[in-house]
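# Analysis of the macromolecular model
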Amino acid sequence: MTAQAQRASVNDAREIQRLIAYWAEETGDVLPRTEGEIYETIRDFVVVPAESGNGLLAAGALHVEWRDLAEIKSLVVDPKAQGKGLGRIVVDACLDEAVDLGLKTVFALTTTPAFFERLGFRVAGVSAFPRKVWNECFRCPKYANCDEIAVTIDLRERIAERRA
Ligand SMILES: CC(C)(COP(=O)(O)OP(=O)(O)OC[C@H]1O[C@@H](n2cnc3c(N)ncnc32)[C@H](O)[C@@H]1OP(=O)(O)O)[C@@H](O)C(=O)NCCC(=O)NCCS
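Attention here is on the structure that accompanies the text. This one's a predicted model, so the numbers in the text were calculated from it and none came from an experiment.

## What about the overall build of the chain?
Tallying secondary structure elements over the chain gives six helices and seven strands in all. Dimensions of the chain, computed from the C-alpha atoms along their principal axes, are close to 45 × 40 × 30 Å. Within the span of the chain, comprising 164 residues, buried residues form 41% of the whole. For the chain, the exposed area adds up to about 9,600 Å²; of that, 50% sits on carbon and sulfur atoms. Between the averaged position of the 21 positive side-chain charges in the chain and that of its 25 negative side-chain charges there is a distance of 4 Å.

## Details of helix α3 (residues 86–101)
Counted at 1.5 Å a residue, the expected span for α3 with its 16 residues is 22 Å, and the 23 Å between its end C-alpha atoms agrees. Of all the positions in α3, only L86, G87, V90, V91, C94, L95, E97, A98 and V99 are classed as buried. Downstream of α3 by a residue or two, G102 has a phi angle that is positive, lying close to 90°.

## Some points on the pairing of strand β7 (residues 149–154)
Direction of pairing for strand β5 (residues 105–110) relative to β7: antiparallel, over a ladder of six bridges. For L109, the partnering residue across the bridge sits in β7 and is A150. Here three bridges tie strand β6 (residues 122–124) to β7, and the two strands are oriented antiparallel to one another. Paired with R122 across the strands is T152, a residue of β7.

## Focus: the pairing of strand β4 (residues 69–77)
Burial analysis of β4 places nine of its nine residues in the buried class, which makes it a mostly covered element. Counted between consecutive antiparallel strands, the loop separating strand β3 (residues 56–66) from β4 contains two residues. Relative to β5, β4 runs parallel, the two sharing two bridges. Residue pairing in the sheet places A70 in a bridge with V106 of β5. In terms of handedness, the path from β4 via α3 over to β5 forms a crossover that is right-handed.

## Observations regarding unusual backbone geometry
It is generally the case that most residues other than glycine have a negative phi and that most peptide bonds are trans. For S74, which is not a glycine, the phi torsion comes out positive at approximately 50°. Among the structural elements, S74 can be located in strand β4.

Thresholds applied
- Throughout, residues of each chain are indexed from 1 in the direction in which the sequence is written.
- Given that this is a predicted model, residues contribute local features only at a pLDDT of at least 70 and side-chain atom pairs are listed and counted only at 80 or more, while totals for whole chains, interfaces and linings are drawn from all residues.
- Side-chain numbers here rest on the full set of heavy atoms in the structure, without hydrogens or water.
- Strands are runs of DSSP state E lasting at least 2 residues, helices are runs of H or I lasting at least 4, and numbering of each runs from the N terminus.
- Residue exposure (1.4 Å probe, protein chains only): buried if accessible area is under 20% of the type maximum, exposed if over 50%, otherwise partly exposed.
- The Shrake-Rupley method, run with a 1.4 Å probe sphere, supplies the accessible areas, and residue values consider only the shown protein chains as cover.
- The charged-residue count follows a simple rule in which Lys and Arg add positive charge and Asp and Glu add negative charge, with His and chain termini not counted at all.
- Lysine's charge is taken at NZ, arginine's at CZ, aspartate's at CG and glutamate's at CD.
- Multiplying one less than the number of residues by 1.5 Å gives the expected span of a helix.
- Strands qualify as paired when DSSP identifies two bridges or more between them.
- Handedness of a crossover: with both strands directed away from the viewer, a clockwise path from the first strand across the helix to the second marks it as right-handed.

So far we have only geometry, and geometry alone does not tell us how the molecule works.
Printed below as a string of structure tokens:
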């Protein structure tokens, strides 16, 4: 069976939090999220369930920031399932949803820009996203020592493919 992304349900929240907490602690590649924060944003999340039906292999969220901009957040793959295309499946599902929503651009803040570049994103300055900086970065504990790189993708090609 090919792995597929699907919309998250509230029953996935604890498992999403487990994956995020693992990477937040292990490498700091994602920011930790409380279970409450995950319920509040559960409609942002897509997940890839394990084939056994127990637990999740991957998760990620598309968070709309403004009329023309959304961010991919909390992208996490189970450490035992890395390198099998699951990160790509989650990002693809998020980009498809962004097109459905009428968005033209998606960005991410990441410590692994090379992964996103493989998926068609390009590196951009975080100052290209002032709304993000004002809304969230200023409140982030890592703000003064932020090690994340902004990457962005223009969805026009994907929108055109959809129309063709
Ligand atoms: C980064 C992460 C999401 C990648 O997921 P994954 O399922 O292992 O990646 P995929 O198998 O989908 O890889 C897709 C492509 O990206 C490449 N890639 C994956 N991880 C990469 C990395 N760290 N650096 C460079 N390229 C990478 C793969 O080689 C593959 O390229 P290909 O299609 O040309 O073969 C995953 O390793 C992870 O959860 N890391 C910890 C948390 C994290 O860093 N999240 C991102 C924060 S925004």
